[in-house]
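# Residue-level structural notes
One-letter residues, chain by chain:
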Amino acid sequence: MEKRIKDFKDLGLGLFIHYGLYSRYEAGEWFWEMNGLTEEKYFNEDTKDFELKANFKKITSWAQTNGFKYIVLTSKHHDGFGLYDSEKLSKYDINWLNCDQRDLISEFIEQSLINGIKPFIYYATMDWIKTNNLNFNEHIDNIYNNVEFLLKKYGKKISGFWFDGNWSELEKDWKDDRLYNMIRKYNQDCIIVNNTGLESKGVVSNKNIDSVTFEQGKIEDFKDNDSLKEKAFEVCYTLNGHWGFAKNDFDFKSPKKVIEDFVEIRKNHGNFLLNIGLNKDGDVGLMEKGIITEFGKWNNLNDNDLQKAFEVIKKEENYYIIKNAEKNYKIYYSNLKSGAHIDNIHYGNSTDSIAELSLGNNEKVISVKYADNKNECSWKMDNNNLIIDVESFSYGINTVVRIIEIKVKKNV
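Report on the accompanying structure. For clarity, every value in this text was computed on a predicted model and none was experimentally measured. (Residues numbered from 1 in each chain as written. Predicted model: local features only at pLDDT ≥ 70, side-chain atom pairs only at ≥ 80, totals over all residues. Heavy atoms only, no water.)

## Quick look at the packing of aromatic side chains
All chains considered together, the criterion is met by 30 aromatic pairs. Centroid distance Phe-262 to Trp-298: 6.3 Å. Interplanar angle 85°. Geometry classified as edge-to-face. In this pair, Phe-262 is assigned in helix α9 (residues 255-267) and Trp-298 in helix α10 (residues 286-301), connecting sequence segments 36 residues apart. Both residues of the pair, Phe-262 and Trp-298, count as buried. Grouped by ring-pair contacts, the aromatic residues Tyr-25, Trp-30, Phe-31, Trp-32, Tyr-42, Phe-43, Tyr-92, Trp-96 and Trp-128 constitute a single cluster. Here the guanidinium or amino end of Arg-402 rests over the ring plane of Tyr-370, the centre of that ring lying 3.7 Å away. (Phe/Tyr/Trp six-rings, centres within 6.5 Å; stacked < 30°, edge-to-face > 60°. Helix = DSSP H or I, 4+ residues; strand = E, 2+ residues; numbered from the N terminus. Buried < 20%, exposed > 50% of the residue type's maximum accessible area, 1.4 Å probe, protein only. Lys NZ or Arg CZ within 6 Å of the ring centre and 35° of its normal.)

The following block contains the structure:
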């Protein structure tokens, strides 16, 4: 596996940000297409007064606090509007607007780097303007020219490109090799992703891509997939039913769901790309912010260990065990009884769950503790086999997946 791919896999957690003219309507990123609008109705005089207010200093700092290692920003979505000054390569970009010109891509990249986050650029290859009004070869050339423009401007500051839309016309030649070779010319370490869409999850669309995608992926989608041996893979999903902000979509995933999926995806060494859409004021919605902040608390409780190099030592139905770079172990245990009021009164701290770990001949246990309350676990040794009585959560605690920290030292 190439080093850039391995390094990308170790990042573990990415934030997907959908932001563009569609944010003005606060009704999803496909507002134009789903409402049957024309180019003239979408790009109207009122839209020209839309002010791009996203504060990437604030957003990237918040992302860093919650453990995100890379961010993918929609530089240009399917509506064809670019968040950067394309110097007339694109018909609609920030220069088309009446408001003060802000190169949001530049701000996003600089603020990401300040916060130790790797900036990725999303670029939609399916474009509702160009695919309708230009011949396909002109459309391909325009993609190439825009991507080259971004590479010339930002070079190695860009950590990756995330393309989306080839799935719309699979029978056509998108000339991917030409595009990918050009990217490698400017930035050898740039990660290349091209989303294969909802119907072709996990497909390696071109030998030169670095990561396959599982859009809105379910856990079972990426298990036992031989194509993942030399590639990274990434599960991306929305917190509700839209990638762009939708003010009347109340169907949100829970922090519990996000934690469980993250733990399962990382068990298989996949990356988790978690989406937010910014509203018309350029802010993260209250629900999205709350869900991700709660997830971030759990991630910080785990010291972000699932985003560092680790080896999976053991997999069982309710738990798995990793060994980290410090040669210590962690157990991620699911399906324990809650520490909430009702469960705790009825059951107390149940000890009917067991975790077992076979240690090396030269390893000795120093401590076995719960990450959530730092209490010692009840454990014993049977030859080189560590046996832990795993308690349910203490009253007032439920981290969904209980983390057990095992520190060992080598026998001299």
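## Observations concerning the nonpolar core
Counting residues in hydrophobic clusters, the biggest one holds 87 residues, and the most contacted among them are Ile-17 and Phe-161. Ignoring anything within four residues of it in the chain, the contact list for Ile-17 reads Phe-56, Ile-59, Ile-71, Val-72, Leu-73, Thr-74, Asn-275, Ile-276 and Leu-278. With 21 residues, the next largest nonpolar core counts Tyr-370, Cys-377, Val-390 and Ile-404 among its residues. (Core = buried A, V, L, I, M, F, W, Y, C linked by side-chain atoms within 4.5 Å. Contact = heavy atoms within 4.5 Å.)

## Details of the side chain of Arg-266
Structurally, Arg-266 is set in helix α9. Among buried Asp, Glu, Lys and Arg side chains, Arg-266 stands out as unpaired, with Asp-10 the closest opposite charge at 5.1 Å. Here the side chain of Arg-266 touches Lys-9 through a polar contact of 3.0 Å, landing on its backbone oxygen. With sequence-adjacent residues up to four places away left out, Arg-266 is seen in contact with Lys-9, Asp-10, Gly-12, Asn-271, Leu-306, Gln-307, Phe-310 and Tyr-320. (Lys, Arg positive; Asp, Glu negative; His and termini not counted. Salt bridge = Lys/Arg side-chain N within 4 Å of Asp/Glu carboxyl O. Polar contact = N/O pair within 3.5 Å; in protein donor to acceptor, adjacent residues only side chain to side chain.)

## Quick notes on α9
Helix length check: α9, at 13 residues, gives a terminal C-alpha distance of 18 Å against a target of 18 Å (1.5 Å per residue), a fit within 8%. Val-258, Ile-259, Asp-261, Phe-262, Val-263, Glu-264, Ile-265, Arg-266 and Lys-267 are the residues of α9 that are buried. Remark: His-269 follows α9 within two positions and exhibits a positive phi of approximately 60°. (Expected span 1.5 Å × (residues − 1).)

## What to know about the sheet that holds strand β16 (residues 402-410)
With antiparallel pairing, 5 strands are arranged side by side in an open sheet as β9-β10-β11-β16-β13. Edge positions in the sheet fall to β9 (310-315) and β13 (363-370), since each has one partner strand and no second. For this sheet, the mean angle separating the axes of adjacent strands, direction not counted, is 25°. Where β9 meets strand β10 (residues 319-324), 5 bridges bridge the pair, whose relative direction is antiparallel. (Pairing = 2+ DSSP bridges. Axes fitted to C-alpha atoms, helices over the stretch in contact; angles between N-to-C directions.)

## Side note on the environment of Tyr-180
One can find Tyr-180 in helix α8 (residues 176-186). Overall, Tyr-180 belongs to the buried group, its relative accessible area being 1%. Tyr-180 sits 81 residues away from Cys-99 along the chain, and the two C-alpha atoms are 35 Å apart. Among residues more than four places away in sequence, those in contact with Tyr-180 are Phe-163, Ile-192, Asn-194, Asn-206, Asn-208 and Ile-209.

## Re unusual backbone geometry
For Glu-87, which is not glycine, the phi dihedral falls at a positive 50°. A positive phi angle, near 60°, is found at His-269, a position not held by glycine. Mapping His-269 onto the fold places it in the loop between α9 and β8 (271-277).

## Here's the deal with the pattern of salt bridges
Tallied over the full model, the rule gives 23 salt bridges. Of the charged contacts, one joins Lys-53 and Asp-281 as a salt bridge, the two residues approaching to 3.6 Å between their closest N and O atoms. With a gap of 228 residues between them, Lys-53 in the loop between α3 (39-42) and α4 (56-65) and Asp-281 in the loop between β8 and α10 connect regions that are remote in the sequence. Between Asp-210 and Arg-184 there is a salt bridge, and its shortest N-O distance comes to 2.9 Å. Taken as a pair, Asp-210 in the loop between β5 (191-195) and β6 (211-215) and Arg-184 in helix α8 lie far apart in primary sequence, 26 residues in all. Three or more residues are tied together by salt bridges with common partners; here these are Glu-2, Arg-4, Arg-184 and Asp-210.

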